[in-house]
Amino acid sequence: MSDCNRQVWLVSRPTGWPSEENFRLVETPMPVPGEGQVLVRMLYTSVDPYLRGRMRERASYIDPIPLDSVMQASSVGRVVQSRNPKFAEGAYVGGMLGWQEYAVAGEREIRTIDPTLAPVSTALGILGMPGLTAYFGLTEILQAKAGEILLVSGAAGAVGSVAGQIGKILGMRVAGIAGGEAKIRWLLDDLKFDAAYDYQAESDHRARIAALCPGGVDCYFDNVGGAISDGALLNINERARIAICGQISQYNLDKPEMGPRLLFQLIVKRARMEGFLVFDFAKRYGPALTQMAEWVRAGRLISRETVIDGIENTPRAFLGMMRGENTGKMIVRIAAE
Ligand SMILES: NC(=O)c1ccc[n+]([C@@H]2O[C@H](COP(=O)([O-])OP(=O)(O)OC[C@H]3O[C@@H](n4cnc5c(N)ncnc54)[C@H](OP(=O)(O)O)[C@@H]3O)[C@@H](O)[C@H]2O)c1
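About the criteria used
Residues numbered from 1 in each chain as written. Predicted model: local features only at pLDDT ≥ 70, side-chain atom pairs only at ≥ 80, totals over all residues. Heavy atoms only, no water. Phe/Tyr/Trp six-rings, centres within 6.5 Å; stacked < 30°, edge-to-face > 60°. Helix = DSSP H or I, 4+ residues; strand = E, 2+ residues; numbered from the N terminus. Buried < 20%, exposed > 50% of the residue type's maximum accessible area, 1.4 Å probe, protein only. Near = heavy atom within 4 Å. Polar contact = N/O pair within 3.5 Å; in protein donor to acceptor, adjacent residues only side chain to side chain. Areas by Shrake-Rupley, 256 points an atom, 1.4 Å probe, with all protein chains shown as cover. Nonpolar A, V, L, I, M, F, W, Y, C, P; charged D, E, K, R; others polar. Domains from an automatic or database assignment. Pairing = 2+ DSSP bridges. Right-handed = clockwise from strand over helix to strand, strands pointing away.

Attention now moves to the packing of aromatic side chains. Counting across every chain of the model gives 8 aromatic pairs. Pairing Phe-23 with Trp-99 gives two aromatic rings, centres 5.7 Å apart and planes at 45°, and the pair type is tilted. Linking Phe-23 in strand β2 (residues 23-29) with Trp-99 in the loop between β6 (92-95) and β7 (102-105), this pair joins segments that are 76 residues apart in sequence. Take Phe-23: its relative accessible area is 7%, and that puts it in the buried class. Exposure remark for Trp-99: the relative accessible area of 0% places this residue in the buried category. With a centroid separation of 4.6 Å and 5° between ring planes, the pair formed by Phe-136 and Phe-281 is classed as stacked. Residue Phe-136 is located in helix α2 (residues 129-141), and its partner Phe-281 is located in the loop between β14 (272-275) and α8 (285-297); the two are separated by 145 residues in the primary sequence. Accessibility classification places Phe-136 together with Phe-281 in one group, the buried group. Among the aromatic residues, those joined into a cluster by ring pairs are Tyr-135, Phe-136, Phe-281, Tyr-285 and Trp-295.

Let us look at the site of the ligand. Lining the immediate surroundings of the ligand are 26 residues, of which Val-159, Lys-183, Tyr-199, Tyr-251 and Asn-326 lie closest. In the model, an oxygen atom of the ligand is placed 2.8 Å from a nitrogen or oxygen of the Ala-158 main chain. Interatomic distance of 2.8 Å between a backbone N/O atom of Phe-276 and a nitrogen atom of the ligand. Taking 910 Å² as the accessible area of the ligand by itself, protein coverage stands at 90%. Mapped by element, the contributors of at least two residues to the shell around the ligand are α2, α3 (158-169) and α9 (314-323). For the shell around the ligand, the per-class residue count stands at 15 nonpolar, 10 polar and 1 charged. Counting contributing residues, the shell around the ligand receives three or more from each of domain 1 (4-125 + 303-333) and domain 2 (129-279).

In this section: the pairing of strand β10 (residues 173-178). Among the 6 residues of β10, 5 are classified as buried, and the element is accordingly described as predominantly covered. As defined by bridge partners, strand β9 (residues 149-153) adjoins β10 across 5 bridges and the pair is classed as parallel. Note that in β10 the partner of Leu-151 across the bridge is Ala-175. Note on the crossover from β9 through α3 to β10: the handedness is right-handed.

As structure tokens, then:
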């Protein structure tokens, strides 16, 4: 085992689009587990859109990441040294262990991952926070029902691809919006979405969504906001529900876009729009994950990952995810299993 730990630090706060200069690869001494702690060797780490918010000096709902410290993020690894009888050496664990090769953690900071359930990397994606976001967004916020029409933006990403698939499992007609022809083919051919379009090749989203969903939109799972969501809002049916999950089109803007004011639509359509954070459902993660794992095992939920190798490439993976270089969940492989 090496005697040093490589970490990726946040060293400056981005304005507008982040760049690799906002991060630095730093070598630090190997951490030593204290009584009750374990030393974890990281296998995979996650790059997620919410991390952009945590790079701000004032994050809105979660603490900012301090400058000159390791980037905090979900990671999955293996216990290589244990001073806690609850975690055997060799056990797979996950937690907010950061963009680094090794971390020490106590039992409150990690949970055991069962490698027989699915590949352990899925704990960062379909069987982790993004998958749970899709699950609760669909079942709780949208109150999705069989026979209804579901529209998903950001449909080929970690959350969106699962949201659309759960919609199909629940018996909905599912339409997706994503960037690029290859993603559209994946949604239609592999994930069995009923309809999909490439937003990068369109400017009239209202018309395109109307063509995609001739029966209108009963449920809109919004990951992106901006002009796409304006087009979606103009296509909702009476009693529609809109789940505001993410607004990624706005995250790297210095000033948020001022769009057309379309909220009158909510009045005339007696519709409901609700934002949510997956953490609100933390007490119910267990049963939700059991259900999701069953769907994965039965082949009803397909997991796809875009994998970038090397801790030093984590900033590049993050920036790539923000630009849409991922299909499914973007993760970084830090070490071989
Ligand atoms: N509320 C919650 O608790 C919660 C939890 C997790 C995630 N989220 C939100 O859910 C959304 C998706 O997260 P994720 O982890 O699944 O990320 P992701 O979809 O796997 O990756 C981000 C995707 O956003 C798309 N994108 C980037 N810029 C865009 C733009 N200007 N317009 C439209 N699409 C754009 C890109 O796909 P294209 O190639 O299709 O552009 C990119 O692949 C994010 O907004 C995130 O903040 C919310």
